[in-house]
Amino acid sequence: MSGTLIKFAQIVNEGKIQARDVRIEQGRITQIDTDISPKAYEEVIDASGLFLLPGMIDDQVHFREPGMPNKGTIYQESRAAVAGGITSFMEMPNVVPATTTREALQHKFDIARTSALANYAFYFGATNDNIEVIKRLDPRTVCGVKVFMGASTGNLLVDDPQSLDNIFASSPVLIVTHCEDNARVQHNAQALEEYLPKTLWQPHHHPVIRDAEACYLSSSYAVSLAKKHDANLHVLHLTTEKELALFEAGDIRNKRITAEACVHHLWFNQEDYARLGNQIKCNPAIKSEQDRLALISAVNQDVIDIIATDHAPHTWEEKQQPFHLAPAGLPLVQHALLSLLEQVDRGHFTLEKVVEKVCHNPAIRYGVVDRGFIKEGYFADLVLVDIKQSTHVASAPLHYLCQWTPFKDVTFNAAIKSTFVNGVKVFDGQAFTEVDSPAQALSFSHNPH
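Residues numbered from 1 in each chain as written. Predicted model: local features only at pLDDT ≥ 70, side-chain atom pairs only at ≥ 80, totals over all residues. Heavy atoms only, no water.

### Focus: the nonpolar core
Across soluble globular proteins, nonpolar side chains have a tendency to be buried as a group. Ranked by size, the top nonpolar core spans 102 residues in total, and within it F89, L233, F247 and L266 carry the most contacts. Residues in contact with L233, not counting those within four places in the same chain, are F168, L174, I175, T177, A222, V223, A226, R256, I257, T258 and R365. One finds A121, L236, I252 and I306 within the second-largest nonpolar core, a separate group that totals 19 residues. (Core = buried A, V, L, I, M, F, W, Y, C linked by side-chain atoms within 4.5 Å. Buried < 20%, exposed > 50% of the residue type's maximum accessible area, 1.4 Å probe, protein only. Contact = heavy atoms within 4.5 Å.)

In structure tokens, the structure reads:
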């Protein structure tokens, strides 16, 4: 017999903060109460002064495996994730080969089964011609179908109207979209090139090329298709104030069309290109301070339902190329939750709201079985945080394979103290426990069309 008893924690769960003890046995939470007496075989953790949160469920990551081992692997990036308090991730299909066949999807599960430190799920990638495979996806094991409604990698751009119509009409799983209008992006790029050669473009041109209108044209198209077919749609990484008008405020349980923001779009604005350059080049682009503040407000008003990372590492060498050659994306999972705790410290969010957006709502929207809440009977995916201990990013080890972060010069006024995955402490604030990783494939109770 073995088990863990967390004593004297401030539990943040379902809109409340309460002093409670939590007992963990066989990977699950078996008791939540005040003043639980320890059993002889239990490890007792004194969590005095610490907050206990459900582990973050990150519904949007790019871990680069298979096919791009120089950028990232499921093993390495999941290490960084648990160091950042993320206990479950959903990984995107733009790898090599792209996850657009049943065989490619199974291959990723096989990799994760022996290497992931956090619980895992994988999206299936839509193309213009794989609708028959999409129709046969198992909603109990596949978190969603990813539709790139804008320029993307390989054949993952879905730009045929009939193909899009078929996907929205027939997908048995949640449809998630990257929304940027490809024609608008190309038009903006051509217009810029008439005045300035590509070789002279700079990072601050990125939100000019991938502007608010490109986002709105695509997001509004996706929403119209979802309404036409009464489809379940989740629009990823909103970046503009204009797009927010497409979405309604309210409880996520009552929505078939939901919206998401990412931590970097809530943190950076276009003034940061002068300092960070290609480090914050990402798609969709980081935009104005007005847009950033509108996103923060939309989170608080429950117009934006989920906060994720869109973790997308590239090598430092790739990011040092001229702007027009540098790839889009940045590593985020290790510091995502810390950045949101900093937003709490600055008065932008409450701690309860952060937990709702990164733990509860992803579990609800995707129908994740027995995760995302601190409840008796649920898996013990938990993170202990100290909001009085600072984290100096520059002086702490980076766990990303790419070994860089746009947060390098930031000091967060919080620290990750412990991360538990299925009841096992996989990270103690300094070191990892990697023997017989407890990570599991996520299962889904519903993913209805």
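### Topic: the sheet that holds strand β8 (residues 119-122)
Strand order across the open sheet formed by three strands is β6-β7-β8, with parallel pairing between neighbours. Looking along the sheet, the strands with just one partner apiece sit at the ends: β6 (56-61) and β8. Taken over all neighbouring pairs, the strand axes of this sheet differ in orientation by 20 degrees on average, direction set aside. Pairing geometry for β6 and strand β7 (residues 86-91), over four bridges, is parallel. (Pairing = 2+ DSSP bridges. Helix = DSSP H or I, 4+ residues; strand = E, 2+ residues; numbered from the N terminus. Axes fitted to C-alpha atoms, helices over the stretch in contact; angles between N-to-C directions.)

### Here's the deal with the pairing of strand β3 (residues 28-33)
As defined by bridge partners, strand β2 (residues 16-25) adjoins β3 across five bridges and the pair is classed as antiparallel. Looking at the pairing, E25 lines up with R28 of β3. Remark: two residues form the turn of the hairpin made by β2 and β3, two consecutive strands paired antiparallel; Q26 in that turn has positive phi of roughly 50 degrees.

### A closer look at the sheet that holds strand β12 (residues 233-235)
Pairing is parallel across the open sheet formed by six strands, whose spatial order is β9-β10-β11-β12-β13-β14. The outermost strands of the open sheet, each flanked by one partner alone, are β9 (124-125) and β14 (306-308). The pairing of β12 with strand β13 (residues 257-262) spans three bridges and is parallel. Within β13, the residue paired with L233 across the bridge is I257.

### What about the packing of helix α12 (residues 336-345) against helix α13 (residues 351-366)?
Where α12 meets α13, the closest approach of the two axes is 9 Å, and the angle between their N-to-C directions is 150 degrees. The orientation of α12 with respect to α13, classified from their angle, is roughly antiparallel. The chirality of how α12 crosses α13 is right-handed. Residue-level inspection shows L337, L340, L341 and V344 of α12 in contact with α13, the latter providing L351, V354 and V358. Considered class by class, the residues forming the contact of α12 with α13 number seven nonpolar, no polar and no charged. (Parallel < 35°, antiparallel > 145°, perpendicular 65-115°, else oblique. Left-handed = near helix turned anticlockwise from the far one by under 90°. Nonpolar A, V, L, I, M, F, W, Y, C, P; charged D, E, K, R; others polar.)

### Let's talk about the packing of helix α1 (residues 74-83) against helix α2 (residues 102-115)
At a closest axis distance of 9 Å, the pairing of α1 and α2 adopts a crossing angle of 55 degrees. Here α1 is positioned oblique relative to α2, judged by the angle of their axes. Pair α1 / α2 crosses with right-handed handedness. In this structure, α1 contributes I74, Y75 and S78 to the contact, and α2 contributes K108, I111, A112 and S115. Across the contact of α1 with α2, the residue classes tally to four nonpolar, two polar and one charged.

### A look at the environment of L52
On the secondary structure map, L52 appears in strand β5 (residues 51-54). For the pair L52 and T419, spaced 367 residues apart in the sequence, the C-alpha separation amounts to 9.8 Å.

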